[in-house]
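What follows is the residue order along each chain.
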Amino acid sequence: MEPKKYASYADIEKDLEILKLEKEINYQKLVLSFQKTKESITPENIVGGFFASFKEYVSNSYPTILQSILPFAINWFINKKRGN
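Report follows, based on the coordinates. (Residues numbered from 1 in each chain as written. Predicted model: local features only at pLDDT ≥ 70, side-chain atom pairs only at ≥ 80, totals over all residues. Heavy atoms only, no water.)

### Some words on the overall build of the protein
Scanning the protein for helices and strands turns up two helices and zero strands. Over its C-alpha atoms the protein spans a radius of gyration of 32 Å, topping by over 25% the 12 Å that the globule rule assigns to 84 residues. Along the first, second and third principal axes, the C-alpha set of the protein runs to 100 × 30 × 15 Å. In the protein, which comprises 84 residues, the share counted as buried stands at 2%. On the protein, roughly 8,400 Å² of surface is accessible, and the fraction owed to carbon and sulfur atoms is 65%. (Helix = DSSP H or I, 4+ residues; strand = E, 2+ residues; numbered from the N terminus. Rg over C-alpha atoms; globule rule 2.2 N^0.38 Å. Buried < 20%, exposed > 50% of the residue type's maximum accessible area, 1.4 Å probe, protein only. Areas by Shrake-Rupley, 256 points an atom, 1.4 Å probe, with all protein chains shown as cover.)

Structural data, given as structure tokens:
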């Protein structure tokens, strides 16, 4: 990378100001990211996330569960009607 050549002190000051603002923006992004992470690691969010993933798993596998339980339920109902 070739060093930048400046024509005046004003150009240097302008670049320094830009770098200072970029540094402040990156710092504020880091602070915001830390705050969001801190807020997301609460017992309510952890438990809520667990139940959400469990609910999604059960809802996606509902037809499979129903197909495996339905024959047993029908047989139990038929045997109950017969008195066995």
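The rest of the description comes next.
### Side note on the pattern of salt bridges
Taken as a whole and judged by the stated rule, the model has one salt bridge. In this structure, the salt-bridge partner of Asp15 is Lys4, at a minimum N-O distance of 2.9 Å. Of this pair, Asp15 sits in helix H1 (residues 9-40) while Lys4 sits in the segment before H1; the two residues are 11 residues apart in sequence, bridging distant segments of the chain. (Salt bridge = Lys/Arg side-chain N within 4 Å of Asp/Glu carboxyl O.)

### A short note on a nonpolar patch on the surface
On the surface, Val47, Phe50, Phe51 and Phe54 cluster together to form a nonpolar patch covering roughly 430 Å² of accessible area. For Phe50, a relative accessible area of 52% translates into the label exposed. (Patch = residues over 30% accessible without salt bridge, like charges linked within 9 Å, V, L, I, M, F, W, Y side chains within 5 Å.)

### Structural notes on the side chain of Asp15
We classify Asp15 as buried; its relative accessible area is 16%. A polar atom in the side chain of Asp15 sits 2.8 Å from the side chain of Tyr6. Apart from the residues lying within four places of it in its own chain, the contact partners of Asp15 are Lys4 and Tyr6. (Polar contact = N/O pair within 3.5 Å; in protein donor to acceptor, adjacent residues only side chain to side chain. Contact = heavy atoms within 4.5 Å.)

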